[in-house]
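# Coordinates in review
The chain contents come next:
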6 protein chains.
Amino acid sequence: MPFVNVKLTAGATAAQKEELIAGITDLLVRVLNKNPASTHVVIEDIAPENWGIRGQTVAALRAAGDPGVSKG
Amino acid sequence: MPFVNVKLTAGATAAQKEELIAGITDLLVRVLNKNPASTHVVIEDIAPENWGIRGQTVAALRAAGDPGVSKG
Amino acid sequence: MPFVNVKLTAGATAAQKEELIAGITDLLVRVLNKNPASTHVVIEDIAPENWGIRGQTVAALRAAGDPGVSKG
Amino acid sequence: MPFVNVKLTAGATAAQKEELIAGITDLLVRVLNKNPASTHVVIEDIAPENWGIRGQTVAALRAAGDPGVSKG
Amino acid sequence: MPFVNVKLTAGATAAQKEELIAGITDLLVRVLNKNPASTHVVIEDIAPENWGIRGQTVAALRAAGDPGVSKG
Amino acid sequence: MPFVNVKLTAGATAAQKEELIAGITDLLVRVLNKNPASTHVVIEDIAPENWGIRGQTVAALRAAGDPGVSKG
């Protein structure tokens, strides 16, 4: 009965989301012997102006060229 | 002080959301004697490509005609 | 595929939780024709010192006899 | 390592979100000595027809001129 | 900046949780090129009387020997 | 109608939680003119073996003396 919620800054493609969902489900089945039929994964795309880290939005950090957030 | 978060695959109408919000609030008042003024219900509509079950997206399962997800 | 998360101030009995889970599931089946086999409801019990409203904890508001939170 | 999720009825401006993110992060650093580099704040904008209080949607309560929800 | 929340029925060991955290992080780094330093995974253990599926608690379904929930 | 969920690694005192709840509520009132009576803040204490960052648990990172997580 696992339920997994993944919050990401927006930008993942449909194919990447499929890969994440398959990979996380496989992991739960393999590590915890969970039933895939009751394993749910919900991805939420968060706009960069709605995600803050270090007290600043990801939108602002990216605009400033911050290397720690530029790739993720 | 209950807070209820309902994640749904997108598609509920405004009238259905009103019915859900009224019904969940009534239930909390009736079963737990909660104060409706401090009972919040937040519905989130999730795109079918963002919801995974059995390691696949609901979008893919519906496209394949899977009966378990076709109706919900 | 609904997923419902209910956060409550601690104190509900096991029987009350069963009633909530049955009632919320019935509502989703009736209003949205959801499949009960993929309808999950997770209840979380929150300690009154961890829940704040009006800038104060429920623990403090209850200690002060606040009527709005005394029953819920 | 705090993670803060703020659900708001939609309408905050980008500048207000920046102020919230900065303020919540400062508070966690000041009160709990948290490392700002691992302090995340995610804001979610909720449509007024998806937020229920007192068994009614905020959309309906605002349409009816309810003073308790008109400002927030 | 991903944030992953995994809700599980209680019972995973510390070693299993480490494996889940490592696996989910690896997946996010590999699929989305996320920065592991800003990838957070939070596991929540949910008591079987607090998790409902099919309108019944996992506690009740397990007591009845339900095969779909016995392993997960 | 804001709802704020703060996930923290366990260890905050009751007084620190009160300060966080008061501070976050004040911020929402000041920045967004929210009604404090409908502003809820829920704090969740997460065990260090349930929180992962960089693919490792906070428990493991702290045991190894990692400076980035030692203080938060």
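Residues numbered from 1 in each chain as written. Chains lettered and ligands numbered in written order. Predicted model: local features only at pLDDT ≥ 70, side-chain atom pairs only at ≥ 80, totals over all residues. Heavy atoms only, no water.

In the nomenclature of an unreviewed UniProt entry, chain A corresponds to Tautomerase from the organism Desulfuromonas versatilis. Here chain A is described in UniProt, under the heading Sequence similarities (unreviewed entry), as follows: "Belongs to the 4-oxalocrotonate tautomerase family." (UniProt positions renumbered as here; feature names shortened; annotations may be inferred.)

Looking only at helices and strands, chain A features 3 helices and 4 strands. For chain A, the sequential pattern of α-helices and β-strands runs β-α-β-β-β-α-α. For 72 residues, the compact-globule estimate of 2.2 N^0.38 gives 11 Å, and chain A exceeds it by more than 25% at 15 Å. Projected onto its principal axes, the C-alpha positions of chain A cover 45 × 25 × 15 Å. (Helix = DSSP H or I, 4+ residues; strand = E, 2+ residues; numbered from the N terminus. Rg over C-alpha atoms; globule rule 2.2 N^0.38 Å.)

Another point: the relation of the copies chain D and chain E. Each copy of the chain is related to the other by a rotation around an axis and a translation along that axis. Overlaying chain D with chain E gives an RMSD of 0.0 Å, the required rotation being 180° about an axis along which the chain moves by 0.0 Å. The superposition operator between the copies reduces to a two-fold rotation axis. Minimal C-alpha separation from the rotation axis in chain D is found for S38 of chain D, amounting to 3.4 Å. Take the interface residues of chain D: 100% of them recur as interface residues in chain E, which is what a same-surface contact looks like. (Least-squares fit on C-alpha atoms with pLDDT ≥ 70 in both. Contact = heavy atoms within 4.5 Å.)

Its location among the elements puts T57 of chain D in strand β4 (residues 56-57). Within the structure, T57 of chain D has its side chain in polar contact with the backbone nitrogen of A60 of chain D (distance 3.0 Å). (Polar contact = N/O pair within 3.5 Å; in protein donor to acceptor, adjacent residues only side chain to side chain.)

This brings us to the relation of the copies chain E and chain A. Between chain E and chain A, which share one sequence, the superposing operator has a rotation angle of 180° and an axial displacement of 0.0 Å; the RMSD is 0.0 Å. An overlap of 100% is found between the interface residues of chain E and their copies at the interface of chain A, pointing to a shared contact surface.

UniProt annotation of "domain: 4-oxalocrotonate tautomerase-like" (unreviewed entry) refers to residues 2-59 of chain A when read in the numbering used here. Counting secondary structure, residues 2-59 of chain A comes out at 36% helix and 33% strand; the distance between its end C-alpha atoms is 32 Å.

Once that is clear, we can look at the pairing of strand β2 (residues 40-46) of chain C. Residue and element names in this part refer to chain C. The buried count for β2 comes to 6 of 7 residues, which makes it a mostly enclosed element. Relative to β2, strand β1 (residues 3-9) runs parallel, the two sharing 7 bridges. Paired with K7 across the two strands is E44, which belongs to β2. Read from β1 through helix α1 (residues 14-32) to β2, the crossover connection turns out right-handed. (Buried < 20%, exposed > 50% of the residue type's maximum accessible area, 1.4 Å probe, protein only. Pairing = 2+ DSSP bridges. Right-handed = clockwise from strand over helix to strand, strands pointing away.)

Reading across from one edge, β4(D)-β3(D)-β2(B)-β1(B)-β1(C)-β2(C)-β3(E)-β4(E) is the order of the 8 strands in this open sheet, with mixed pairing throughout. With partners counted over all chains shown, the strands left at the sheet margins are β4 of chain D together with β4 (56-57) of chain E, one partner each. In this structure, strand β3 (residues 51-53) of chain D lies alongside β4 of chain D, joined through 2 bridges in antiparallel fashion. From the neighbouring strand, G52 of chain D faces β4 of chain D, where its bridge partner is T57 of chain D. With respect to the sheet, helix α1 (residues 14-32) of chain B is in contact with β1 (3-9) and β2 (40-46) of chain B, β1 of chain C together with β3 and β4 of chain D, its orientation differing from that of β2 of chain B by roughly 140°. Packed onto the sheet, α1 of chain C meets β1 of chain B, β1 and β2 of chain C together with β3 (51-53) and β4 of chain E and runs at close to 140° relative to β2 of chain C. (Axes fitted to C-alpha atoms, helices over the stretch in contact; angles between N-to-C directions.)

A word on the pattern of salt bridges. In the structure shown here, the tally under the stated rule is 30 salt bridges over all chains. One salt bridge connects E44 of chain B with K7 of chain D, and the closest N-O pair in it is separated by 3.4 Å. On the criterion of chain membership, the pair formed by E44 of chain B in strand β2 and K7 of chain D in strand β1 (residues 3-9) is interchain, its members lying in two chains. Neither E44 of chain B nor K7 of chain D differs from the other in exposure class; each is buried. Its salt-bridge partner being D66 of chain C, residue R54 of chain C comes within 2.8 Å of it at the nearest N-O pair. Highlighted residues: R54 of chain C in the loop between β3 (51-53) and β4 (56-57) and D66 of chain C in the loop between α2 (58-63) and α3 (67-70), separated in sequence by 12 residues. Each of K7 and E44 of chain A, K7 and E44 of chain B together with K7 and E44 of chain D takes part in salt bridges that share partners, so that together they form one network. (Salt bridge = Lys/Arg side-chain N within 4 Å of Asp/Glu carboxyl O.)

This paragraph deals with the interface of chain D and chain E. At the interface, 4 residues of chain D touch 4 residues of chain E. Summed over both sides, the interface between chain D and chain E buries roughly 360 Å², with carbon and sulfur atoms accounting for 76% of that surface. The tally of links from chain D across to chain E stands at 0 salt bridges. Here chain D is connected to chain E by 1 residue pair in polar contact (both at pLDDT 80 or more). Here the side of chain D that touches chain E is composed, by residue class, of 2 nonpolar, 2 polar and no charged. (Buried area = accessible area lost by both parts, 1.4 Å probe. Nonpolar A, V, L, I, M, F, W, Y, C, P; charged D, E, K, R; others polar.)

In this section: the pairing of strand β2 (residues 40-46) of chain D. Pairing geometry for strand β3 (residues 51-53) of chain A and β2 of chain D, over 3 bridges, is antiparallel. Residue pairing in the sheet places W51 of chain A in a bridge with V42 of chain D of β2 of chain D.

Turning our eyes to something else, we now look at unusual backbone geometry. Residues other than glycine seldom take positive phi values, yet R54 of chain C does so here, at roughly 60°. By relative accessible area, which is 34% here, R54 of chain C ends up partly exposed.

Residues spaced three or four apart along an α-helix face the same direction, because each turn holds 3.6 residues. Taking 1.5 Å per residue, 19 residues should reach 27 Å; helix α1 (residues 14-32) of chain F reaches 27 Å between its end C-alpha atoms and fits that length. Inspection of α1 of chain F places K17, L20, I21, G23, I24, T25, L27, L28, V31 and L32 of chain F among the buried residues, and these make up the whole buried set. Turning to α1 of chain F, the residues buried within the fold contact β3 and β4 of chain C, β1 and α1 (14-32) of chain D together with β1 (3-9) and β2 (40-46) of chain F. N33 of chain F occupies a position one or two residues after α1 of chain F and carries a positive phi of about 60°. (Expected span 1.5 Å × (residues − 1).)

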